[in-house]
Amino acid sequence: MSRAGVTPERLVRAGADLADEVGFDQVTVSALARQFDVKVPSLYAHVEGSRDLRTRIALLALDELADLSAAALAGRAGKAALSALGDVYRDYARAHPGRYAATRMRLDPATAAASAGPRHAQLLRAILRGYQLSETDQTHAVRLIGSTFHGYISLELAGGFDHSSPDSQQSWTRIMDALDSLLRNWPAE
């Protein structure tokens, strides 16, 4: 263990916590050096730089979110599974806004393939099998659901629904109903 108890794991966790406090884009090696009360060069033994640090935070967040998603989906199918997955994403974004932003980070192809990203797609495709969609239509549906979840969550986190009625939760529930209906009645080509 190095000075000040800094390890790659502690550094990434501290970076993830900092992202939740100040925003993912504000996380730098310099900011963490101040937090650990060490000089910036001493952290380069653990991470290659701010980009590497943010990539590791993204991987941590993707893992956390995949684990929560898998637990929420256990024993559920159809609309119950779809709603459970949406709620996990939404709850995670509210509790960990910086980590959630990290899950949206563009990763290089090799890193993305080795991340929990494919696990997220597998979980969503498992839900979609219950809707009897073809392989091609599953891809379209994955993109639709992802766009809907992430778009709504991003707008909600930015305060986009704070000053209008009905309550955001009512809209979220109706959106889950609408997605379920659309998936059950997917248009033929």
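Keep in mind it's a predicted model, so treat the numbers as computed, not measured.

1. Concerning the pattern of salt bridges
Counted under the stated rule, the structure contains 12 salt bridges. With a shortest N-O distance of 2.5 Å, Asp20 and Arg99 are connected by a salt bridge. On the criterion of sequence distance, the pair formed by Asp20 in helix H1 (residues 8–22) and Arg99 in helix H6 (residues 97–103) is long-range, its members being 79 residues apart. With a relative accessible area of 5%, Arg99 lands in the buried category. For Arg90, the salt bridge is made with Glu156, and the minimal N-O distance between the two is 2.7 Å. Of this pair, Arg90 sits in helix H5 (residues 78–95) while Glu156 is found in helix H9 (residues 135–157), placing the two residues 66 residues apart along the sequence. Overall, Arg90 belongs to the buried group, its relative accessible area being 2%.

2. Some words on unusual backbone geometry
Trans peptide bonds make up most of the peptide bonds, and negative phi angles are found at most residues other than glycine. In this chain, Ser165 is followed by Pro166 through a cis amide linkage whose omega measures 0 degrees. Here the phi dihedral of Gln132 falls at roughly 60 degrees; this positive angle occurs in a residue that is not glycine. Along the chain, Gln132 falls in the loop between helix H8 (117–129) and H9. With relative accessibility at 67%, the residue Gln132 sits in the exposed group.

3. Remarks on the packing of aromatic side chains
For the coordinates displayed, the defined rule picks out four aromatic pairs. Relative to Phe149, the ring of Tyr89 lies with its centre 6.0 Å away and its plane at 50 degrees, an arrangement referred to as tilted. Here the residue Tyr89 occupies a position in helix H5, and Phe149 occupies one in helix H9, the gap between them amounting to 60 residues. Under the relative-accessibility criterion, Phe149 is labelled buried at 2%. A centroid spacing of 5.2 Å and a plane angle of 50 degrees characterise the contact between Tyr152 and Trp172, whose relative ring orientation is tilted.

The rules behind each value
- Residues numbered from 1 in each chain as written.
- Predicted model: local features only at pLDDT ≥ 70, side-chain atom pairs only at ≥ 80, totals over all residues.
- Heavy atoms only, no water.
- Salt bridge = Lys/Arg side-chain N within 4 Å of Asp/Glu carboxyl O.
- Helix = DSSP H or I, 4+ residues; strand = E, 2+ residues; numbered from the N terminus.
- Buried < 20%, exposed > 50% of the residue type's maximum accessible area, 1.4 Å probe, protein only.
- Phe/Tyr/Trp six-rings, centres within 6.5 Å; stacked < 30°, edge-to-face > 60°.

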